[in-house]
Amino acid sequence: MSTPTVIEGFVPVIDLSSRHSATGRRTIAEAIGAACASSGFFTIVGHGVPTELIDRMCATNREFFVLPDAAKDAVAHRPGISGFRRMAGSTAHSLDKKTPPDLCEVFSAHVTGDLSDRERAALGDYWASWKLANVWPTAPANFADTWHEYMATLSRLAGDLMRLFALALKLDETFFDDIFDHHVSSVAVNYYFPQREAPLPGQLRRGEHTDWGSLTILYQDTDIGGLQVRHGASEWRDVPTIPGGFIVNIGDLMSLWTGGRWVSTMHRVINPERGSSSSRLSIPFFYLPNHDATIDPIGSFADLDAPQHYGASTAGEWISRKMLKTFAADPLDYQPAD
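Residues numbered from 1 in each chain as written. Predicted model: local features only at pLDDT ≥ 70, side-chain atom pairs only at ≥ 80, totals over all residues. Heavy atoms only, no water.

(A) Here's a closer look at the nonpolar core. By size, the foremost hydrophobic cluster in this structure holds 78 residues, and its most contacted members are Leu-161, Phe-165, Phe-176 and Ile-217. Here this core gets 14 residues from one element, more than from any other, and that element is helix H5 (residues 143-168). Leaving out residues up to four positions away in the same chain, Leu-161 has contacts with Leu-16, Ile-32, Ile-44, Leu-215, Ile-217 and Val-248. (Core = buried A, V, L, I, M, F, W, Y, C linked by side-chain atoms within 4.5 Å. Buried < 20%, exposed > 50% of the residue type's maximum accessible area, 1.4 Å probe, protein only. Helix = DSSP H or I, 4+ residues; strand = E, 2+ residues; numbered from the N terminus. Contact = heavy atoms within 4.5 Å.)

Written out as structure tokens, the structure is:
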């Protein structure tokens, strides 16, 4: 394995190509542990996801998002259904910060979304996005097949990253296996459309937030950029796009599970320069554990005081509460603060 390259000492680039050997896994785990304890972000290369699949996922979704509104609205998110959202909520609301709606469209689906109604209903006794049925557009023709292949491939990669996480935390490599053996993960494709009008005060493509689950694997389809990670109390640092690489960040659950030793870091997507007609896709895969997984410190961290988690006792309850906050406010009712 090549020595991990570090960008500004904050978001390292870690080569996974030697993860199939014991020595390689130890080296990679050490690098991952250092990143998760500092920025909570790193970029992976040598991950083994076929370039053809990544390119097809990007092309298929770009084709979808430029369809006429009526075609997209036919697969709109609605009660019981997960699909297209013209307004993607406000991620800053998950932190109880009042901001205008984020400037992007989104299509989302869960790995559980094609299960039967009965099977999905059993995934928690509360509202949760993974209990919704997936809805698939008829155009582009390969849309559903591409999404299924992408979700399956990223699920395998995320599972191996969790085993590397376990090594980094000095746990048995299989420690997380039975916490994710019925995972409720999702893919969301964010379409950051050209900004033809000036944003409202405080309005961003994606407002500042932390992710809520265990880990996120993010692909960005261009080098236009816009993703920023907070460093310290107020400094924001750009996260560059590495050709063929995925950006990985840990979410709130990893911080809760490690008693705060690993950090779930604030991030955002800023607007392009005024006058820019650029658009971009970002494709986050949210690796979410079994809905009934505990969120208290685990393993060697079990004796640490649990961070505040607003009374939620399971991973599913925690994530559901964050999602409800994100989409709670009607964007038409938003009034900018004085």
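(B) How the structure looks around the pairing of strand E12 (residues 235-238). Pairing between strand E11 (residues 227-231) and E12: four bridges, direction antiparallel. Residue pairing in the sheet places His-231 in a bridge with Glu-235 of E12. Where E11 hands over to E12, the hairpin turn is made up of three residues, of which Gly-232 adopts a positive phi near 75°. (Pairing = 2+ DSSP bridges.)

(C) Structural context of the state of the cysteines. This model, assessed by the stated rule, comprises zero disulfides. No disulfide involves Cys-104; its nearest neighbouring cysteine sulfur is the one of Cys-58, lying 16 Å away. Residue classification places Cys-104 among the buried residues on the basis of a relative accessible area of 0%. (Disulfide = S-S within 2.5 Å.)

(D) A look at the packing of aromatic side chains. In this structure the tally under the stated criterion is 19 aromatic pairs. Centre to centre, the rings of Phe-175 and Phe-176 are 5.2 Å apart; their planes meet at 85°, and the pair counts as edge-to-face. Phe-176 sits in the buried class, given a relative accessible area of 1%. Three or more aromatic residues joined by ring pairs make a cluster, and in this case those are Phe-64, Phe-65, Phe-84, Phe-107, Trp-136, Phe-143, Trp-147 and Tyr-191. It is Arg-237 that lies over the ring of Phe-10; its NZ or CZ is 5.2 Å from the centre. Lying over the aromatic face of Trp-236, Arg-268 brings its terminal NZ or CZ to 4.1 Å of the ring centre. (Phe/Tyr/Trp six-rings, centres within 6.5 Å; stacked < 30°, edge-to-face > 60°. Lys NZ or Arg CZ within 6 Å of the ring centre and 35° of its normal.)

(E) Geometry of the pairing of E11. Bridge analysis of E11 against strand E14 (residues 267-269) gives three bridges, and the strand direction is antiparallel. Within E14, the position partnered with Leu-227 by the bridge is Val-269.

(F) Just unusual backbone geometry, in detail. Of note, the amide linkage connecting Ala-139 to Pro-140 takes the cis form, showing an omega dihedral of -5°. Mapped onto the fold, Pro-140 is located in the loop between strand E7 (133-134) and H5.

(G) Expanded view of the sheet that holds E11. Strand order in the open sheet formed by four strands is E9-E14-E11-E12, and the pairing between neighbours is antiparallel. Bordering the open sheet on either side are strand E9 (206-209) and E12, each of which pairs with just one other strand. Strand-to-strand, the axes of this sheet are offset by a mean angle of 25°, without reference to chain direction. The pairing of E9 with E14 spans two bridges and is antiparallel. Opposite Arg-206, over in E14, you have Val-269 as the bridge partner. (Axes fitted to C-alpha atoms, helices over the stretch in contact; angles between N-to-C directions.)

(H) Spotlight on the pattern of salt bridges. Taken as a whole and judged by the stated rule, the model has 17 salt bridges. The closest approach of N and O atoms between Arg-56 and Glu-52, which form a salt bridge, is 2.7 Å. Of this pair, Arg-56 and Glu-52 both sit in helix H2 (residues 51-65), four residues apart, which is roughly one turn of the helix. Note on Glu-52: relative accessible area 48%, which makes it partly exposed. (Salt bridge = Lys/Arg side-chain N within 4 Å of Asp/Glu carboxyl O.)

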